[in-house]
Amino acid sequence: MSDTTPLIATLENAPGIIISLIREVPPQYLKRRPSPTKWSAHEHACHLSTSDGLFLARLDLMLSAPAPFIRSVLPSPEEESGALLGVNLDDALDRYVRERTGLVKR
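Heads up: these notes are all about the structure in this document. (Residues numbered from 1 in each chain as written. Predicted model: local features only at pLDDT ≥ 70, side-chain atom pairs only at ≥ 80, totals over all residues. Heavy atoms only, no water.)

**Describing the pattern of salt bridges**
On inspection of all chains with the given rule, the structure shows five salt bridges. Of the charged contacts in the structure, one is a salt bridge between aspartate 60 and arginine 106, with a shortest N-O distance of 2.9 Å. With aspartate 60 in helix H3 (residues 41-64) and arginine 106 in the segment after helix H5 (89-105), the pair connects residues that are 46 residues apart, well separated along the chain. The exposure class of aspartate 60 is partly exposed, given its relative accessible area of 32%. For the salt bridge of glutamate 99 with arginine 95, the shortest nitrogen-to-oxygen distance reads 3.1 Å. Taken together, the residues glutamate 99 and arginine 95, both in helix H5 and four residues apart, mark about one turn of the helix. (Salt bridge = Lys/Arg side-chain N within 4 Å of Asp/Glu carboxyl O. Helix = DSSP H or I, 4+ residues; strand = E, 2+ residues; numbered from the N terminus. Buried < 20%, exposed > 50% of the residue type's maximum accessible area, 1.4 Å probe, protein only.)

**Re the layout of surface pockets**
Of the volumes computed, that of the largest pocket is approximately 350 Å³. Leu7, Ile8, Leu11, Leu59 and Leu103 are, among the 13 residues lining the largest pocket, the residues nearest its centre. Elements represented by at least two residues in the lining of the largest pocket include exactly helix H1 (5-24), H3 and H5. Among the elements that take part in the lining of the largest pocket, H3 stands out by supplying five residues, more than any other. Here the second largest pocket is characterised by a volume of approximately 160 Å³. (1 Å grid on protein atoms, 1.4 Å probe; cavity = no way out; pocket = protein on both sides within 12 Å on 5 of 7 lines; lining within 4 Å. Points joined across faces, edges and corners; volume = space filled by probe spheres on them.)

**Overview of H5**
Taking 1.5 Å per residue as the helical rise, H5 with its 17 residues ought to reach 24 Å, and the 24 Å between its terminal C-alpha atoms agrees with that figure. If you check which residues of H5 are buried, you get Leu89, Ala92, Leu93, Tyr96, Arg100 and Leu103. End-on, the buried residues of H5 take up no more than an arc of 95 degrees, which puts them together on one face. Away from its buried face by more than 90 degrees, H5 exposes Arg98 and Lys105. Elements in contact with the buried residues of H5: H1, helix H2 (27-30) and H3. The N-terminus of H5 is capped by asparagine 88, whose side-chain oxygen sits 3.0 Å from the backbone nitrogen of aspartate 90. (Expected span 1.5 Å × (residues − 1). Arc of directions from axis to C-beta. Contact = heavy atoms within 4.5 Å. Polar contact = N/O pair within 3.5 Å; in protein donor to acceptor, adjacent residues only side chain to side chain.)

Here's what the structure looks like:
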């Protein structure tokens, strides 16, 4: 990929799109899991707020190593069992915007 402009624009615009979608979910459904092993909208949004730090570390690795090895990351057992349901959604979304801004600037 020689022109990163479309990728960076997509990364930059994603929080506005995702937050708008999350805000459309009726409050009574935000934390409802579609099945016991599937995350709710709340959990997905909170998970996003923790992802950009990982992406930034991966970006730094890709830019500094000639043949970087990118490890896959899976949700923790705590996250799978519902730990993200206890996270404050507004705080998580604020963090998502801040960290995404930092990733885009990098």
